[in-house]
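A closer look at the structure
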Amino acid sequence: MTTLQPDAAQRRQRVIVALMAVLALLALLVSGVVGSVSLALGELPGALADIAAGRVSSLSATLLDLRLGRATAAFATGAALALAGVMMQALLRNPLADPYVLGISSGAAVGALLALLFGAALWVVELGALAGALAISLLLFLLARRDLGGQGRAEVTGDSSTLLLTGVILASACMALVTLMLSIAPESRLRGMVFWMIGDLSGAQWRVLPWVVLGGALAFALRQARALNVMALHADGASALGVDAGALRRALFVVSALLTASAVSTAGSLGFVGLIVPHACRYAFGPDHRVLLPAAALAGGAFLVLADTLARTVLAPQQLPVGVLTALIGVPIFLLQLHQLRLRRS
Amino acid sequence: MIATNKLCLRAGGRLLLEDFNWHAGKGECWCIIGRNGAGKSTLLRTLAGMRAADGGSVSIGGRVLSQWPLVALARERAYLAQSRSDAFGYRVIESVLMARHPYHADRYWEGSDDHVAAEAALRALDVFELAQRDVRTLSGGERQRVAIAALLAQDTPLLLLDEPANALDLAHQVSVMKLVAALCRQQGKTVVMVGHDLNLAQQVASHALLLMGDGHWRAGPVADTLQPALLSACLGHPIQTIVHQGRTIYMAGQ
């Protein structure tokens with residue numbers, strides 16, 4: 001019988017996060033090199049230096065600029081979805097929840113499709129998605145206040161059924177509006193609308209805002225990682241250990257809604273990243289949020305970069321919407337894990 | 001240690017407890033007794049500050065609960081819930097280390113002192129060899145002992161226990177009760193627990209609180225309160241006692 005090793009968990013976390021960071025860099029590298037015209041690895045440093053200096057003139061620099069712009073957008077989106085997924089699973093205390101389960105992406109879909117229906121510019125579509133996501137989050141917050149802990153810190157039920165049911169119902173109302181818009185849309189705009197619904201990164205480019213949201217959310221998440229553990233284990237009992245469960249639940253809801261809104265306004269309602277990446281990371285690394293949060297963010301980013309690289313190369317010159325690939329990869333992985341989970345628990 | 005002032009409790013429109021003035025001092029071990037729905041768990045949750053009072057107030061260490069910062073309060077009182085639902089596969093050792101949360105507000109990782117406390121708690125409850133197990137794979141009794149170990153690791157002067165002997169086999173019921181008694185008598189901790197087993201209560205408790213279920217109550221040393229006539233009225237069933245080898249044994253009458 002051995003005694004416990006206090007530093008083991010800390011060392012393990014460093015190794016895992018470093019490994020995932022290397023994986024993420026490799027994914028970005030692959031996405032920069034692979035394409036209709038592949039770049040030699042030797043050309044990369046020169047091209048990178050050109051981009052950094054703002055001189056995008058050579059062929060290699062132009063290609064790399066385009067590809068990395070799209071790849072970094074994919075990374076920020078994937079990381080945001082994975083992080084939002086971990087938070088939503090902790091908030092609802094359900095490892096099968098995902099960032100869309102409360103209908104935030106459906107609200108975004110209404111906003112984005114409305115813009116697409118009127119043939120608006122890309123930035124209006126993104127704005128529409130953002131507005132839709134934030135509107136539905138606000139509505140949900142007001143309707144399910146009690147579940148998120150009202151004013152009294154003592155009165156947190158730890159039971160999320162009102163929140164979950166309200167979200168599901170709001171989502172189905174949004175989906176009815178989406179169906180209505182799809183059915184009255186002219187043929188010429190239908191393709192863009194369907195691609196948005198599946199999740200598509202072909203219009204993505206260098207952007208700052210998603211990184212600001214991601215950075216802020218990650219900083220919040222890491223600060224609250226220990227409190228999140230306590231809440232995930234104890235639900236309402238978390239307040240007995242000094243965690244203000246009501247405030248934490250509200251903050252989790254707001255931050256994961258922001259992350260989801262940021263992700264869907266970049267890439268459309270991209271499925272499965274927010275479900276399978278957190279789930280796979282929890283399966284591989286355990287439920288400790290101090291490890292899980294940074295690992296899932298890096299893994300989600302790397303996963304979406306690779307999936308998007310596949311999406312633009314596998315049937316080139318035709319580009320697939322990346323959502324098709326995340327679903328095709330995600331569904332079997334998820335089913336396999338679910339099956340193994342059942343086996344382990346029985 | 002803990003005191004109530006004109007505390008009033010209601011649940012579902014029913015009056016559970018009215019004008020409840022009570023206090024428990026250092027080293028005292030209180031057992032709350034009453035029939036189902038008499039408000040035992042509701043009272044314990046209110047004492048822990050996990051539920052707002054319906055009138056009156058609770059104070060710990062002379063300070064009303066609402067005046068306590070949550071983290072500081074978590075270093076004063078620990079609360080064992082009646083049941084647990086584990087949604088995630090935390091390991092036993094992680095679940096016990098989490099009980100140290102109130103002590104390391106600014107640190108990302110637990111220190112070696114936390115590991116010392118966790119290990120001692122696991123050994124005290126005879127579950128150290130389960131340290132690396134997933135909490136969802138434990139039996140009901142093992143899970144209960146791990147939860148009590150977490151409570152010990154929290155290392156508070158006041159412990160509020162909702163049916164600590166729940167799901168435990170006979171041997172562990174006795175050893176957990178001995179542990180509780182030792183905490184009170186040797187370390188001067190205050191324990192308030194809910195329990196249904198009068199014989200266990202009589203062995204470990206120094207005081208008892210009888211909830212009549214209609215707002216009335218009776219509190220005092222075990223010798224005064226754990227009397228067959230009072231208990232019969234409290235539990236709504238005739239209770240008899242026999243004395244066996246110097247011990248009083250409680251039995252349900254016919």
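Keep in mind the model is a prediction, meaning the values are calculated, not measured.

Another aspect to go through is the overall build of chain B. The helix and strand tally for chain B stands at nine helices and twelve strands. Here the C-alpha radius of gyration of chain B, 18 Å, is about what a compact globule of 254 residues would show, namely 18 Å. Principal-axis analysis of the C-alpha atoms gives chain B an extent of 55 × 45 × 35 Å. A buried classification covers 45% of the 254 residues belonging to chain B. Contacts spanning at least 24 positions in sequence make up 64% of the contacts within chain B whose residues lie at least 6 apart.

Before going further, it helps to examine the overall build of chain A. Across its full length, chain A carries 13 helices and zero strands. Reading the secondary structure of chain A in the N-to-C direction produces α-α-α-α-α-α-α-α-α-α-α-α-α. Taking 346 residues into account, the globule formula puts the C-alpha radius of gyration at 20 Å, and chain A, at 21 Å, falls close to it. With the C-alpha coordinates aligned to their principal axes, the bounding extent of chain A is approximately 60 × 60 × 40 Å. Buried positions account for 52% of the 346 residues belonging to chain A. Long-range contacts, defined here as pairs at least 24 residues apart, represent 76% of the contacts in chain A between residues at least 6 apart.

Moving on to the nonpolar core. One broad trend across soluble globular proteins is that nonpolar side chains are buried collectively. Membership of the largest hydrophobic core comes to 194 residues, with the highest contact counts inside it found for L83, M231 and A296 of chain A together with I32, V96, A149 and L160 of chain B. Counting residues per element, this core draws most heavily on helix α3 (residues 59-92) of chain A, at 21 residues. Apart from residues lying up to four places away in sequence, A296 of chain A is in contact with A82, L83, V86, V277, P278 and C281 of chain A.

All names here are of chain A. Close contact between helix α11 (residues 273-285) and helix α12 (residues 289-313) brings their axes to 9 Å; oriented N to C, the two are set at 130°. If you check the angle between α11 and α12, you find them oblique. Handedness of the crossing formed by α11 with α12: right-handed. Across from V273, V277, P278, C281, R282 and F285 in α11, the residues of α12 making contact are V291, L292, A295, A296, A299, G300, F303 and L304. Per-class residue counts for the contact of α11 with α12 are twelve nonpolar, one polar and one charged.

Below, the discussion takes up the sheet that holds strand β3 (residues 29-33) of chain B. Adjacent strands of a sheet form backbone hydrogen bonds with each other and so pair up, either parallel or antiparallel. Residue and element names in this part refer to chain B. Strand order in the open sheet formed by six strands is β6-β7-β8-β3-β9-β10, and the pairing between neighbours is mixed. Lying at the two open borders of the sheet, with one neighbouring strand each, are β6 (77-80) and β10 (217-221). Averaged over all pairs of adjacent strands, the angle between their axes in this sheet comes to 15°, without regard to strand direction. Pairing between strand β7 (residues 158-162) and strand β8 (residues 190-194): five bridges, direction parallel. If you follow L158 over to β8, its bridge partner there is T190.

Between chain A and chain B, the contact holds 29 residues from the first and 34 residues from the second. At the level of elements, α1 (8-33) and α9 (225-234) of chain A are the ones that each hand at least two residues to the side of chain A that touches chain B. Here the side of chain A that touches chain B gets five residues from one element, more than from any other, and that element is α9 of chain A.

Right, let's talk about the pairing of β3 of chain B for a bit. All names here are of chain B. Here β3 lies mainly inside the structure; five of its five residues are buried. By the alternation rule, side chains of β3 split into C29, C31 and I33 and W30 and I32, which are all buried. As defined by bridge partners, β3 adjoins strand β9 (residues 207-211) across four bridges and the pair is classed as parallel. Looking across to β9, one finds that W30 is bridged to H207.

Below, the discussion takes up the pairing of β10 of chain B. Here β9 of chain B pairs with β10 of chain B via five bridges, running antiparallel. Across the sheet, residue L210 of chain B finds its bridge partner in β10 of chain B, namely R218 of chain B.

Turning next to the sheet that holds strand β2 (residues 14-24) of chain B. Residue and element names in this part refer to chain B. Taking strand neighbours across the sheet as the criterion, the four strands line up as β2-β1-β4-β5 in an open arrangement whose pairing is antiparallel. Edge positions in the open sheet fall to β2 and β5 (63-64), since each of these has one partner strand only. Where strand β1 (residues 2-11) and strand β4 (residues 57-60) come together, four bridges link them in antiparallel fashion. Bridge assignment links A3 to a residue of β4, and that residue is S59. Its contacts with the sheet put helix α1 (residues 40-48) on β1, β2 and β4, and the angle it makes with β1 is roughly 130°.

Bringing the environment of R223 of chain A into the picture now. All names here are of chain A. In this fold, R223 is placed in helix α8 (residues 209-223). By the C-beta count within 10 Å, which is 12 here, R223 ends up exposed. As for R223 and R290, which are separated by 67 residues in sequence, their C-alpha atoms are 9.1 Å apart.

The next point concerns the environment of Q227 of chain B. Residues and elements named next belong to chain B. In this fold, Q227 is placed in the loop between α8 (222-225) and α9 (228-235). You can call Q227 partly exposed: it has 16 C-beta atoms within 10 Å. Along the sequence, Q227 and S41 sit 186 residues apart, while their C-alpha atoms lie 23 Å from each other.

Within chain B, residue pLDDT values average 91, and 100% of them lie at 70 or more. ipTM for the predicted complex: 0.89, alongside a pTM of 0.89.

With 94% of its residues at a pLDDT of at least 70, chain A reaches an overall mean of 86. Note that residues 150-156 of chain A has pLDDT below 50 and, in this model, 16 contacts with residues that lie over four places away or in other chains.

It is worth spelling out unusual backbone geometry at this point. All names here are of chain B. The residue D19 is not glycine, and still its phi comes out positive at about 50°. Mapped onto the fold, D19 is located in strand β2. Non-glycine residue A167 carries a positive phi angle of around 70°. Inspection of the secondary structure assignment puts A167 in the loop between β7 and α6 (170-187).

Before going further, it helps to examine the packing of helix α4 (residues 104-117) of chain A against helix α10 (residues 245-267) of chain A. All names here are of chain A. Between α4 and α10, the shortest axis-to-axis distance is 10 Å and the interhelical angle comes to 40°. The angle between the axes of α4 and α10 places the two elements in the oblique class. Classified by chirality, the crossing of α10 by α4 is right-handed. Between α4 and α10, the contacting residues are I104, S105 and A108 on the first element and A257, T260, A261, V264 and S265 on the second. By residue class, the composition of the contact of α4 with α10 is five nonpolar, three polar and no charged.

The rules behind these values
Residues numbered from 1 in each chain as written. Chains lettered and ligands numbered in written order. Predicted model: local features only at pLDDT ≥ 70, side-chain atom pairs only at ≥ 80, totals over all residues. Helix = DSSP H or I, 4+ residues; strand = E, 2+ residues; numbered from the N terminus. Rg over C-alpha atoms; globule rule 2.2 N^0.38 Å. Buried ≥ 20, exposed ≤ 12 C-beta atoms within 10 Å, placed from the backbone. Contact = placed C-beta atoms within 7 Å. Core = buried A, V, L, I, M, F, W, Y, C linked by C-beta atoms within 7 Å. Axes fitted to C-alpha atoms, helices over the stretch in contact; angles between N-to-C directions. Parallel < 35°, antiparallel > 145°, perpendicular 65-115°, else oblique. Left-handed = near helix turned anticlockwise from the far one by under 90°. Nonpolar A, V, L, I, M, F, W, Y, C, P; charged D, E, K, R; others polar. Pairing = 2+ DSSP bridges. pLDDT = per-residue confidence, 0-100.

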